[in-house]
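Reading the structure
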Amino acid sequence: ITQASRPLTFDVDALNERGEVLATPIAGEHPLTLYIDKREIVTLMTLGQAPEALAIGYLRNQRLVKSIDEIAAVQVDWETDAVAVTTRAGLENLDARMEKRTVT
């Protein structure tokens, strides 16, 4: 796992109760589109702290991979807001497994 994180907060100008402008840190979510073996799977929203762990966790949670051993590489590209996962042997029945899904 690399250090491919983004800053968790960014500053915005806010007025306090005295009318003073103060730089105030707020959390910022970023879209991160997950590709597996060059196929787009889902776009997740993330603070950006651990995008590789988010991708691997999503794949495990959705039972798309049984073990981290099935994954050959995970590459994060913040310029395109994408994470590309390459598997060692491809995923069996991916089309059927992705046919009916709900993401919240």
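Residues numbered from 1 in each chain as written. Predicted model: local features only at pLDDT ≥ 70, side-chain atom pairs only at ≥ 80, totals over all residues. Heavy atoms only, no water.

Moving on: the overall build of the protein chain. Across its full length, the protein chain carries two helices and six strands. For the protein chain, the sequential pattern of α-helices and β-strands runs β-β-β-β-α-β-β-α. In terms of C-alpha radius of gyration, the protein chain reaches 18 Å, well past the compact-globule figure of 13 Å for 104 residues. With the principal axes as the frame, the protein chain shows a C-alpha extent of 60 × 30 × 20 Å. Buried positions account for 29% of the 104 residues belonging to the protein chain. For the protein chain, the accessible surface area stands at approximately 7300 Å², while carbon and sulfur atoms represent 49% of it. (Helix = DSSP H or I, 4+ residues; strand = E, 2+ residues; numbered from the N terminus. Rg over C-alpha atoms; globule rule 2.2 N^0.38 Å. Buried < 20%, exposed > 50% of the residue type's maximum accessible area, 1.4 Å probe, protein only. Areas by Shrake-Rupley, 256 points an atom, 1.4 Å probe, with all protein chains shown as cover.)

Tallied over the full model, the rule gives two salt bridges. Arg 18 serves as the salt-bridge partner of Glu 17, at 3.2 Å between the closest nitrogen and oxygen. Overall, Glu 17 belongs to the exposed group, its relative accessible area being 68%. By relative accessible area, which is 60% here, Arg 18 ends up exposed. In this structure, Arg 18 engages Glu 20 in a salt bridge whose closest nitrogen and oxygen atoms are separated by 3.4 Å. Salt bridges here are not isolated pairs; linked through shared partners, they connect Glu 17, Arg 18 and Glu 20. (Salt bridge = Lys/Arg side-chain N within 4 Å of Asp/Glu carboxyl O.)

What follows deals with the nonpolar core. Among the nonpolar cores identified, the biggest contains 20 residues, and Leu 34, Ile 41 and Leu 59 are the most heavily contacted of them. Listed by contribution, the elements that provide at least two residues to this core are strand E3 (30-36), strand E4 (39-46), helix H1 (51-61), strand E6 (82-87) and helix H2 (94-98). Take this core: its biggest share by element is four residues, from H1. The contact partners of Leu 34, leaving out residues within four places of it in the chain, are Arg 39, Glu 40, Ile 41, Val 42, Ala 55, Tyr 58, Leu 59, Val 83 and Val 85. (Core = buried A, V, L, I, M, F, W, Y, C linked by side-chain atoms within 4.5 Å. Contact = heavy atoms within 4.5 Å.)

Residue placement: Ala 84 occurs in strand E6. Ala 84 sits in the partly exposed class, given a relative accessible area of 29%. For Ala 84 and Asp 37, which are 47 residues apart along the polypeptide, the C-alpha to C-alpha distance reads 7.3 Å. Leaving out residues up to four positions away in the same chain, Ala 84 has contacts with Tyr 35, Ala 73, Val 74 and Gln 75.

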